[in-house]
Structure formats: C-alpha cells, structure tokens
Amino acid sequence: MKQFKRIKGTQDILPPESRQWAALENLIHEIMERYNFHEIRTPVFEQTELFARGIGQLTDIVSKEMYSFQDRGKKQITLKPEMTAPVMRAFIENKMYAQQPIHKLYYIASLFRQEKPQAGRLRQFHQFGAETIGSADPAADIEMIDLAVAIYKKTGLKDLQLSINSVGDPLCRNRFRKILQDYIRPNLNLYCEDCKKRFETNPMRILDCKNESCIKLNEQAPKLTDYLCDGCAEHYKQLKSGLDNLGIAYRENPYLVRGLDYYTRTVFEITSGALGAQNAVCGGGRYDLLAEELGGMPTPATGFAAGMERLLLVLQSQQIDMAETTGLDVFIIGMENDARPIIDKTLLKLRNAGYRCDQDLLKRSIKAQMREANRQAARYVLIIGENELNSGKFAVKDMSNGIQTEIKFEDIENFLEQQKLI
Ligand code: ATP
Ligand code: MG
C-alpha cells in the first residue's frame, strides 16, 4: 500500500517537542497580557490581492513565495504568508477604529511561503507578533521593541542583537532615491539580476540584498538616515533615546531596509549568533501607510513578527528547556478484571482533583506495568491485585524511596493531599 509523506517544508511536531511549543505559546500569552495586548485570530486564507497590495508586488513574498490558487468559484486565494496585512484588513473591515482610537493586538499564527526549505526556513512556519494600530508616537515603537525583547528574555535566550534604522517617509525616501540611484548607476551592471530589477522600482531594496558582491558594492552607499526630513529625524532620535532610557542595547544599521514595502520610519530586526544564514528571529517596524493602502482611513501603526521555529532552534542550541518534563503523579496498576470499576473511578477522582495520572491499557503483566510506571517517572504507584481487592486497600508505592504502604480506596485522595504533590 502507498504510504504518505508530509509536504516538503512542513513539519510534524511530536511529543515531547510539542511541549516546548505549548510552553512557548503560554509564555507569549502571559507577556502579551502584561503589556495589555489582546489576541486576534484571522482566517488561514485571504484574497490574493490583499497581500499583493499590502505587502507590495516587488517583495520576495509576493513575487515568488505565495501559495496562491483559484478556488472553485474562480476566486484568487492565498494562504497567508504574514499577519500584518490580515490584521489591518480585519481592523478596517470590523471598523475597530470606531470602538476606540488605539488597538494593541497580538497573534500566534501558522504561515505559508513557498521557499527553499532549509534549517530555520520552512514552507509552513509559525510567527508570533504584535501590532499597535492608531499611534504615531515613537513611544509605541519603543514599547514594541521592549515587548519583543521581554519575550525573548523570559525564554532565557542569550546573545541576541537588536538592529534599528529609519526608512523615513515617502517624502524623504523620494529625495533619497535619486541620491541612491546616482550612487548605484555607474556600477549597475555589476549588481545581481534582482538588484537590476529593483533599480527603477525600489532601489532601497538594493541596500538589503544578501548577495556577497552587492553587499561589497554597497559598502560606500549613502545612508537614508543622513537625509531624513525633520519629522522623521526627530522620530528616530526619540526612538533611540527611549531605548537608551530602558537600557535596551541596539546597533544602528543604516542599510536595514526589511523586505516588506509598507514600512515607514522605524524598522528593526533581532538576530541570533546561534543561527547560521537564517539568523533573523524577529523583524518589525512602523507602517503608517498600510491602512490607506488597504482602503482604510490613514492610521499610523507599528508592529513586529517573530519566527517560532528559529526561536526554538536557538533555545535548543543553548540547551534551554522551557517545558521541564516532570513525571506522572500517579500510575495505577491492576490485574483483575474486577478491579476495573475502582481503577476508573479512582482515576476520575484524582484527575478531577488535579493529579496527573495514568493506567495500563494493554493488559500487560504486573511486571510490565511496573516498568511502564517507571518509564513515566510516576511518583506514586497504586497497585490493586486480588489481595487488595479483597481488603479494599491499594498497595501504594512511593517511587522516590521504594516505601510501600496500604491505603483504603476511599482515603487515597486524602493521602495524596498530605504528600503535597500539587
Ligand atoms: P528572512 O530574511 O529570513 O527571509 P523575512 O524578512 O522574510 O526573513 P519576515 O517576513 O520579516 O522575515 O518574518 C519575520 C520572521 O519570521 C523572520 O525573522 C523569521 O524568524 C521568521 N520567518 C520568515 N520566513 C520564515 C520561514 N520560511 N520559515 C521559518 N521562519 C520564517
Ligand atoms: Mg524571507
């Protein structure tokens, strides 16, 4: 018979690794709550045009990475490759602006991009992220970076680098564009094919090219931060002094552009030395023009998105276990069929009381069940054989010291309570 394989670039997350995921998700929910961000969930697919418009035709995502298809109603559909455009779509469509002037939203989502799969680069991957919609204040950018850093800190991660830059607004960008093109033009034929294409349409992206020879050619390139308009320069200055005030270390990278077109002013990236080529764990910035681009009222906004697979890879490389595995509280061993009702009722009672309990479901020998209890690192084993059935008492073995006692069936909960396991 044919056996099936998962689609290339996707992952099965199996136990015990799934516990790391759950622990990470819990931590994200906890910190987001502290910062007063509220969860938003959007559909897994959207109209293709939302991304084409929201992210920009010339970005890697839209030009070559999207999973797009036509559905049976001849609609163009795309599996979401990022969350900012869907969040903004939801904000506009649900008239969230009418409820209150500012929204602080966060998400944990599965995303899809058809890229070349490699370590830390998948076709279905996960991001957590946050968006503050409605504030133009640099304080919102500072809070955003502080939030991302707080989450990483809470995971116990070490050695992360924060890079920041300002990409200005359309006004200063337009001015800068000519200056940059003048710098590139004499050597344009030496740049990679992608950069040649970007030269007319989006020359700023040339600064972001990862191609070795392009990086070399860009070494003396002019910096947009030297050409910011007064408003953008002031915003950038306040961002930096805000980060200084919080003691958040950063590096200014004048060539940090970020892939998506909708960014204005603040952009930032967090990288980890523990990862190879795919070293970015988090990227974000301000996107004051997106709401209008998607048919809404002009609404300033800022946010970040962080890759979860890469974060878990770094945690693993630093031997950080977020979901310390502790064994079961109780394992019940029984042989006689007559013991079944007592086993079931005891399990139900103890589970309701909050204990982690399990039993044998394979009708194994007592010896094999004992081995299973050991494998599950159970603290207490309750044994119920023929003698115990007759006497109405469990043989209770404390696996930490091997001491065995007898406890009446109905007293087991009291007994465990005295042991203060939970
Ligand atoms: P990269 O330069 O690595 O391609 P990007 O600029 O495309 O990153 P964003 O779209 O900003 O990334 O997404 C934010 C974060 O999501 C990245 O920093 C990374 O941690 C994660 N990420 C992006 N693409 C993938 C992927 N294909 N697989 C796993 N994680 C990803
Ligand atoms: Mg990418």
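Since we're looking at a predicted model, the values are computed, not measured.

Extensive coverage of strand β9 (residues 264–272) is indicated by the burial of eight of its nine residues. Strand direction decides the pairing type here: β9 and strand β10 (residues 280–286), joined by six bridges, are antiparallel. In the sheet register, T271 faces β10, and the bridge partner there is A280.

As a further point, take the site of ligand 1. Lining the immediate environment of ligand 1, one finds 14 residues, of which R113, E115, L122, Q127 and R258 sit closest. Within the contact set of ligand 1, a nitrogen atom lies 2.6 Å away from a side-chain nitrogen or oxygen of E115. Separating an oxygen atom of ligand 1 from a side-chain N or O atom of Q127 is a distance of 2.9 Å. Only β6 (124–133), β10 and β11 (301–307) provide two or more residues apiece to the shell around ligand 1. A class-by-class count of the residues in the shell around ligand 1 yields six nonpolar, three polar and five charged.

A few words on the side chain of R310. Mapped onto the elements, R310 comes out in helix α11 (residues 308–317). Buried within the structure, R310 lacks any salt-bridge partner; E115 is the closest side chain of opposite charge, at an N-O distance of 5.8 Å. Within the structure, the side chain of R310 is placed 2.9 Å from the backbone oxygen of A280, a separation counted as a polar contact. Among residues more than four places away in sequence, those in contact with R310 are G120, R121, L275, Q278, A280 and V281.

This brings us to the packing of helix α5 (residues 138–155) against helix α9 (residues 230–246). One way to put it is that α5 packs onto α9 with a least axis distance of 9 Å and a crossing angle of 40°. Put simply, α5 runs oblique to α9. Handedness of the crossing formed by α5 with α9: right-handed. Two secondary-structure elements touch here, α5 through P138, D141, I142, I145 and D146 and α9 through H235, Q238, L239, G242, L243 and L246.

The next subject is the packing of helix α1 (residues 17–34) against α11. Interaxial distance between α1 and α11 falls to 11 Å at its minimum, and their mutual angle equals 110°. Looking at the two axes, α1 sits roughly perpendicular to α11. Between α1 and α11 lies a crossing whose hand is right-handed. For the pair α1 and α11, the contacting residues are Q20, W21, L24, E25 and I28 in the first and M308, E309, L311 and L312 in the second.

This next bit is on the sheet that holds strand β12 (residues 330–334). Here five strands make up an open sheet; going across it, the order is β13-β12-β14-β15-β16 and the pairing mixed. With partners counted over all chains shown, the strands left at the sheet margins are β13 (357–359) and β16 (404–408), one partner each. If you compare each strand with its neighbour and ignore which way they point, the axes differ by 25° on average. Note: strand β14 (residues 380–384) against strand β15 (residues 393–398), four bridges, orientation antiparallel. Counted as the bridge partner of L382 is V396 from β15.

What follows covers the nonpolar core. Counting 99 residues, the largest nonpolar core has M32, M88, F128, L147 and F304 as the members making the most contacts within it. Every residue in contact with M88, bar those within four places of it in the chain, is listed here: I133, Y287, L290, A291, L294 and A301.

We now examine the packing of aromatic side chains. This model, assessed by the stated rule, comprises six aromatic pairs. When the centroid spacing of 5.7 Å and the interplanar angle of 65° are considered together, the rings of F91 and Y97 count as edge-to-face. F91 gets classed as buried once you look at its relative accessible area, which sits at 2%.

Turning to unusual backbone geometry, a few remarks are in order. Here P15 and P16 are connected by a cis peptide whose omega angle stands at 5°. Relative to the elements of secondary structure, P16 occurs in the segment before α1. Even without a glycine there, the phi angle at D159 is positive, about 60°. Position of D159 among the secondary structure elements: in the loop between α5 and β7 (160–166). On the basis of relative accessible area, D159 is assigned to the exposed category, the value being 58%.

This brings us to the domain arrangement of the protein chain. As far as domains go, the protein chain holds domain 1 (17–169 + 229–317) and domain 2 (330–418). Computed over C-alpha atoms, the centres of domain 1 and domain 2 are 49 Å apart.

Criteria and cut-off values
- Residues numbered from 1 in each chain as written.
- Chains lettered and ligands numbered in written order.
- Predicted model: local features only at pLDDT ≥ 70, side-chain atom pairs only at ≥ 80, totals over all residues.
- Heavy atoms only, no water.
- Buried < 20%, exposed > 50% of the residue type's maximum accessible area, 1.4 Å probe, protein only.
- Helix = DSSP H or I, 4+ residues; strand = E, 2+ residues; numbered from the N terminus.
- Pairing = 2+ DSSP bridges.
- Near = heavy atom within 4 Å.
- Polar contact = N/O pair within 3.5 Å; in protein donor to acceptor, adjacent residues only side chain to side chain.
- Nonpolar A, V, L, I, M, F, W, Y, C, P; charged D, E, K, R; others polar.
- Lys, Arg positive; Asp, Glu negative; His and termini not counted.
- Salt bridge = Lys/Arg side-chain N within 4 Å of Asp/Glu carboxyl O.
- Contact = heavy atoms within 4.5 Å.
- Axes fitted to C-alpha atoms, helices over the stretch in contact; angles between N-to-C directions.
- Parallel < 35°, antiparallel > 145°, perpendicular 65-115°, else oblique.
- Left-handed = near helix turned anticlockwise from the far one by under 90°.
- Core = buried A, V, L, I, M, F, W, Y, C linked by side-chain atoms within 4.5 Å.
- Phe/Tyr/Trp six-rings, centres within 6.5 Å; stacked < 30°, edge-to-face > 60°.
- Domains from an automatic or database assignment.

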